[in-house]
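# A structural walkthrough
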Amino acid sequence: MLELYLKHPNDEYLNHNNETDKQIAWTLAVVLRQALADCLGIACDELGFTVKPTTLPDCSLSVAAIVIYDVCSGGGGFSCAAPSFFIDMFAKAQGYLHCSCTGVCQNCLLGFDTRFCLQHLNRQAAEQFLQS
Ligand SMILES: [Zn+2]
């Protein structure tokens with residue numbers, strides 16, 4: 001399982017109690033899952049994703065942690081391989097977020113299992129976050 005805690009340029013973590021921050025985390029979970037699957041040459045449904053509130057020792061707020069995990073029982077070791085691909089993953093993620101649609105579409109975020117978290121997705125906010 002991979003857990004990511006991302007920060008804004010002002011050094012603050014994504015806040016799980018802030019609606020926009022939570023949307024950024026969910027949207028990045030979707031595209032980073034896709035990016036990791038591409039890096040590993042596997043189907044993206046081999047990996048699951050979610051966002052959960054967590055606390056960190058150096059931080060008072062509820063941090064929105066991005067979680068990517070192996071779907072198959074026992075784990076395929078896919079999510080643990082992520083750190084070797086971080087640079088590539090974030091570059092690909094930015095590519096997926098760059099779309100001409102106004103919300104979400106099948107060319108960017110809409111997929112079989114992402115339609116269950118559509119209300120959490122905000123492509124523009126996530127793209128701005130990565131650019132910052
Ligand atoms: Zn789109």
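Residues numbered from 1 in each chain as written. Predicted model: local features only at pLDDT ≥ 70, side-chain atom pairs only at ≥ 80, totals over all residues.

### Quick look at the sheet that holds strand β3 (residues 63–70)
Across the sheet, which stays open at both edges, the three strands sit in the order β1-β3-β2 with antiparallel pairing between neighbours. Taken across any chain shown, the strands that pair with only one partner, and hence form the sheet edges, are β1 (2–4) and β2 (47–54). Each neighbouring strand pair of the sheet contributes to a mean axis angle of 25°, computed without reference to strand direction. The pairing of β2 with β3 spans eight bridges and is antiparallel. (Pairing = 2+ DSSP bridges. Helix = DSSP H or I, 4+ residues; strand = E, 2+ residues; numbered from the N terminus. Axes fitted to C-alpha atoms, helices over the stretch in contact; angles between N-to-C directions.)

### Regarding helix α1 (residues 19–40)
Every α-helical turn comprises 3.6 residues, leaving residues that sit three or four positions apart pointing alike. Counted at 1.5 Å a residue, the expected span for α1 with its 22 residues is 32 Å, and the 32 Å between its end C-alpha atoms agrees. Residue G41 follows α1 closely and has a positive phi angle near 70°. (Expected span 1.5 Å × (residues − 1).)

### Examining helix α3 (residues 123–131)
All of the buried residues along α3 are R123, A126, E127 and F129. All buried residues of α3 fall inside an arc of 160° around its axis, so they share one side. (Buried ≥ 20, exposed ≤ 12 C-beta atoms within 10 Å, placed from the backbone. Arc of directions from axis to C-beta.)

### A look at the nonpolar core
A general feature of soluble globular proteins is that nonpolar side chains tend to end up buried together. Among the nonpolar cores identified, the biggest contains 33 residues, and A25, L28, A29, L32 and I68 are the most heavily contacted of them. If one sorts the elements of this core by residue count, α1 sits on top with 10 residues. Discounting residues that sit within four places of it in the chain, I68 has contacts with L2, A29, L32, R33, L36, L47, F49, S79 and A82. (Core = buried A, V, L, I, M, F, W, Y, C linked by C-beta atoms within 7 Å. Contact = placed C-beta atoms within 7 Å.)

In short, geometric facts, not functional conclusions.
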